[in-house]
Structure formats: C-alpha cells, structure tokens
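Chain by chain, the residues:
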Amino acid sequence: MSEFGFHSTAEEVTQGIDLGGTTWLVTGCNSGIGKETARVLGLRGAHVIGGARTEQKAKEALDELGIPGTPLACDLASPTSIHDAIAQVKESQVLLAGIIANAGIMALPAPEQAHGIELQFYTNHFGHFALVTGLVDRLTDDARVVVVSSGAHRYAATHGLELDNLDGTRDYEPWRAYGRSKLANILFARTLAHRFAASGTRRTAYSLHPGVIRTNLTRHIADPDALLAPLRPSMKSIAQGAATTLYVATQPAIEAHSGCYFSDCAVAKTIKQGTDDALGEALWKLSEDRTAVHL
Ligand SMILES: NC(=O)c1ccc[n+]([C@@H]2O[C@H](COP(=O)([O-])OP(=O)(O)OC[C@H]3O[C@@H](n4cnc5c(N)ncnc54)[C@H](OP(=O)(O)O)[C@@H]3O)[C@@H](O)[C@H]2O)c1
C-alpha cells in the first residue's frame with residue numbers, strides 16, 4: 001500500500017528522489033497540473049522539455065518556473081507541429097526518462113474538428129499518440145510514459161469510444177466527447193504498456209485521474225463556479241493535483257502496475273471498456289492509420 005493518497009502533493013511524493021541527469025517531456029507545461037508537474041520535476045533535478053502550443057508559451061513558463069528546461073512548440077491539434085516537435089527532440093540526441101502526456105481540453109460546447117476528428121479526441125488522444133509513438137526510440141530502456149486521463153472517462157460508459165463517430169457530430173454532447181477522449185488515454189497507456197512488455201524493454205506506461213482541480217481547463221464552461229460548487233469538498237489544490245502524475249512517473253517499484261490507471265497515488269478502477277484489450281488494440285490501429293495519414 002502506498003503511503004501517499006488524496007492529500008499528498010507532488011513535492012511530497014518526490015521527496016528524496018534525485019532526478020539529476022534525467023530529461024522529461026511534459027505537454028501542457030504552461031498551465032495548471034502540467035506547470036506544477038514541470039516545476040517539481042525541475043525541483044528534483046530533471047531537465048524538462050516543456051511542450052506548449054507555441055515555443056513562446058513554453059519558454060515563458062519555464063522562465064517563470066526557473067527550472068532547467070528546453071521549450072518545445074507542440075500543438076497537439078496540428079500534425080505539422082507534432083512532426084516538428086518530434087524532429088526537434090530527435091535532433092537534440094537526448095534520451096527521455098519519461099513523457100508526461102498531460103495537455104488537454106475539456107467539454108467544448110459545440111463539435112469542432114481537427115483533420116475531420118472531434119477536437120477533444122484529436123488533442124487529448126491522437127496528438128499524444130502521435131507524439132509518444134514518434135519518440136519511442138528516444139526513450140531510455142526504463143522510461144515511463146504517463147498519460148493524464150480523468151475520472152470523467154466514465155461519461156463514456158454508455159457509448160464507449162464511438163470509433164464510428166470520430167468526427168463527433170452524431171448526438172454531440174460535450175461531456176461524453178471529453179469522456180471518450182479520456183477513455184482513449186487509459187486504453188493508450190494500457191496498450192502501450194503491453195507493447196513495451198512484449199518488446200522486452202523495461203519501459204512502462206500508466207494513466208491516471210489527477211483529482212478535481214480548479215485550472216484553466218474549465219475555459220469552455222459557461223459558469224465554472226456553478227459546475228465546481230458541489231465538488232468543492234472533494235477538490236484538490238494544484239500541488240495535490242500533480243501528485244499522482246509525479247507518483248507514477250518517479251516512485252520506485254511500481255513497474256508491476258504498468259498499464260494501470262491510478263487515482264490518489266493508488267491503482268484505481270476504470271469502467272469496463274478501460275480494461276478491454278481488444279478495444280485498446282482497435283484504437284491503436286486506428287490511431288496509427290489516422291496519424292500516419294496526417295504526419
Ligand atoms: N483540472 C482537473 O480537474 C482535471 C481533472 C481530470 C483530468 N484533468 C486532466 O489534466 C490535464 C491537465 O489539465 P489542467 O487541469 O492542468 O488544465 P489547463 O490548466 O487548462 O492545462 C491544459 C494544458 O493543455 C494545453 N493544451 C490544450 N490544447 C492544446 C493543444 N492543442 N496543444 C498543446 N497543448 C494544449 C493548454 O495550453 P493553452 O494554455 O495554450 O491552452 C494547457 O497548457 C488534462 O489532460 C485534463 O484532461 C484535469
């Protein structure tokens with residue numbers, strides 16, 4: 001049993017862990033949970049490649065945090081930007097101790113698309129799929145890939161991934177669309193973990209729910225205060241919100257749980273589709289096909 005839980009902070013779960021000499025890529029480093037994740041990785045000595053929609057945003061965030069880092073323009077809704085980001089990391093010759101696939105958007109009020117795919121699904125899943133799989137050969141042999149999902153994956157319980165509704169226009173509902181993108185995050189981490197294990201590396205992958213935290217994620221919600229009011233007793237600070245990410249990224253001896261979904265620094269349950277390996281493989285194949293077309 002982990003000594004950490006709901007109240008733990010990212011600093012607490014990494015206390016005494018020396019990340020000196022390691023490099024980590026964090027998407028969404030300029031805001032909310034990703035910014036705190038980058039800060040604490042830097043605090044523990046890591047070099048952080050900070051991904052943001054623009055290099056300027058990434059640079060400003062790293063400068064503000066005052067951590068050793070490299071800004072990386074990586075717009076996860078733009079195949080060209082992802083392609084260039086992969087090329088920049090490869091050119092640097094650096095090996096990554098981990099990738100934190102953290103960036104995300106939530107509950108767009110109306111269906112929007114990138115390259116014919118609903119924008120939350122593209123940004124939250126396809127963009128990260130393309131980035132991570134494009135950088136697999138830059139991972140150290142024991143690297144960890146951490147995919148920030150959400151408890152909101154449960155909104156996909158009834159309709160599932162809806163792989164036949166990729167543009168999201170059929171009965172669009174903002175939370176269901178967000179939920180399926182977060183279910184895809186869980187299945188991506190799980191399938192990646194299986195593939196790592198099958199290929200004989202010590203690389204591992206995890207997904208997680210960070211908790212409910214007031215961040216810029218609610219930018220598409222008309223009245224965030226009203227949405228969050230009933231949740232207030234169970235909300236976390238940003239420092240607590242980055243704890244499970246840092247826990248799965250850095251805690252020793254959790255490799256046996258590769259592929260699992262975590263919450264409050266412990267393995268947690270998903271909806272039944274979250275452990276459906278055939279669905280995970282179907283999503284992987286589709287993601288490969290769709291991102292290969294665009295990248
Ligand atoms: N906060 C919560 O309660 C909560 C709960 C469950 C799960 N999560 C998950 O936690 C993760 C982090 O969210 P957060 O709460 O920290 O929200 P946030 O403060 O809004 O941060 C989201 C980050 O993602 C970036 N992003 C959005 N679209 C992008 C794109 N196309 N390309 C590159 N970066 C993009 C944002 O960049 P810009 O600033 O440029 O938009 C921002 O840096 C998300 O995956 C979210 O689903 C959060």
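Above this text you will find the structure in question.
Reference entry: report on the structure contained in this document.

### Quick word on helix α4 (residues 79-91)
- Its 13 residues give α4 an end-to-end C-alpha distance of 18 Å, which sits within 8% of 18 Å, the value for a rise of 1.5 Å per residue.
- Those residues of α4 not exposed but buried are P79, S81, I82, A85, I86 and V89. All buried residues of α4 fall inside an arc of 165° around its axis, so they share one side. Residues of α4 that are exposed and point over 90 degrees away from its buried face: T80 and E91.

### Examining the side chain of T218
- Summarising the element assignment, T218 is placed in the loop between β9 (212-213) and α7 (224-228).
- On the accessibility criterion, T218 (9% relative accessible area) is buried.
- Discounting chain neighbours no more than four positions away, the residues touching T218 are M106, P224 and L228.

### Examining the site of the ligand
- As a matter of local geometry, the ligand sits amid 30 residues, with N30, S31, K57, Y178 and T215 nearest to it.
- Within the side chain of N30, an N or O atom sits 2.6 Å from an oxygen atom of the ligand.
- Contact distances for the ligand include 2.6 Å between an oxygen atom and a side-chain N or O atom of Y178.
- Out of a free accessible area of 890 Å², the ligand has 96% covered by protein chains.
- Elements represented by at least two residues in the shell around the ligand include exactly α2 (32-43), α6 (174-198) and β9.
- By residue class, the composition of the shell around the ligand is 12 nonpolar, 13 polar and five charged.

Cut-off values and rules
- Residues numbered from 1 in each chain as written.
- Predicted model: local features only at pLDDT ≥ 70, side-chain atom pairs only at ≥ 80, totals over all residues.
- Heavy atoms only, no water.
- Helix = DSSP H or I, 4+ residues; strand = E, 2+ residues; numbered from the N terminus.
- Expected span 1.5 Å × (residues − 1).
- Buried < 20%, exposed > 50% of the residue type's maximum accessible area, 1.4 Å probe, protein only.
- Arc of directions from axis to C-beta.
- Contact = heavy atoms within 4.5 Å.
- Near = heavy atom within 4 Å.
- Polar contact = N/O pair within 3.5 Å; in protein donor to acceptor, adjacent residues only side chain to side chain.
- Areas by Shrake-Rupley, 256 points an atom, 1.4 Å probe, with all protein chains shown as cover.
- Nonpolar A, V, L, I, M, F, W, Y, C, P; charged D, E, K, R; others polar.

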